[in-house]
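# Observations on the model geometry
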Amino acid sequence: MTPDFKKLESNIENIEKSLVSKKIQERSNLGTATDRDNYICLGYRLLVHAEIEDYFEKVCININQTTIMLIEQDIYAKSTAHLLSYVDLKKEKDESKKYNESVKTKVLKIAKQHEISIENNHGITQKHLEKMMRPLGLNNIFSNTDLLENLRKLSERRGEAAHKSSVSATHLNSYSVDKQLINNIIRQLKEIDEYFEEEI
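Residues numbered from 1 in each chain as written. Predicted model: local features only at pLDDT ≥ 70, side-chain atom pairs only at ≥ 80, totals over all residues. Heavy atoms only, no water.

### Some words on the side chain of Asp193
- Position of Asp193 among the secondary structure elements: in helix 10 (residues 175–197).
- It turns out Asp193 is buried and unbridged, and the closest side chain with the opposite charge, Lys6, is 8.4 Å from it.
- Polar side-chain contacts of Asp193 include one of 2.5 Å to the side chain of Thr2.
- Engagement of the side chain of Asp193 in a polar contact is seen with the side chain of Tyr55, the distance being 2.7 Å.
- Excluding residues that lie within four positions of it along the chain, Asp193 makes contacts with Met1, Thr2, Phe5 and Tyr55. (Helix = DSSP H or I, 4+ residues; strand = E, 2+ residues; numbered from the N terminus. Buried < 20%, exposed > 50% of the residue type's maximum accessible area, 1.4 Å probe, protein only. Lys, Arg positive; Asp, Glu negative; His and termini not counted. Salt bridge = Lys/Arg side-chain N within 4 Å of Asp/Glu carboxyl O. Polar contact = N/O pair within 3.5 Å; in protein donor to acceptor, adjacent residues only side chain to side chain. Contact = heavy atoms within 4.5 Å.)

Given below as structure tokens:
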């Protein structure tokens, strides 16, 4: 289990303990939640989404930075080959420059550009994950269709909470649905996280 996943579990647990009391949970599940309860539950959804997004970004940045560190020592990791093969599938404008560059120079340039791309990420749907993960060879996650669907649902629910008017808060609040969805995501991520540990 990566340190990033342990931190994710801990942060989500702390968010829930800090925000959603047992009384709020009970009122939400019974349909008697107050306006304040509703806003708190929506805040829980938004914060957990942000933590999951941060987890994916950190996993990718850690692998990318390790690739940079190793290549600077002339050590070629699995992620080095993935970065090269991913970029070589795309046409480069300057073919002569492409072939004159050393492998080391090219990988360093690609990895540093990819880190900027990861830092500019804003989401947890499949299209966001593919942009961050496929260049690093982190492809196993894309065979887990249940996880991808749950991430899509959470992303959709996060969008509803972030963009609907305050009048809609009561209708958007469904703490039990969010809780079950998040529990499923964490359980599925735990399996994938073991794979991330082995990727360098």
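### Things to note about helix 10
- With 23 residues, helix 10 should reach 33 Å at 1.5 Å per residue; the first-to-last C-alpha distance of 32 Å fits that figure.
- The sharpest bend along helix 10 reaches about 30° and sits at Lys190. (Expected span 1.5 Å × (residues − 1). Bend = angle between axes of the 7 residues up to and from the residue.)

### Some details on the pattern of salt bridges
- Throughout the structure, instances matching the rule amount to ten salt bridges.
- Between Arg134 and Glu130 there is a salt bridge whose closest N-O contact spans 3.5 Å.
- The exposure class assigned to Glu130 is partly exposed, which follows from its relative accessible area of 25%.
- Put simply, Arg152 and Glu156 hold a salt bridge, and the shortest N to O gap is 3.3 Å. Of this pair, Arg152 and Glu156 are both found in helix 8 (residues 145–163), four residues apart, which corresponds to roughly one turn of the helix.
- Classification of Glu156 as partly exposed rests on a relative accessible area of 44%.
- A single network of salt bridges, built from pairs that share partners, joins Arg45, Arg157 and Asp178.

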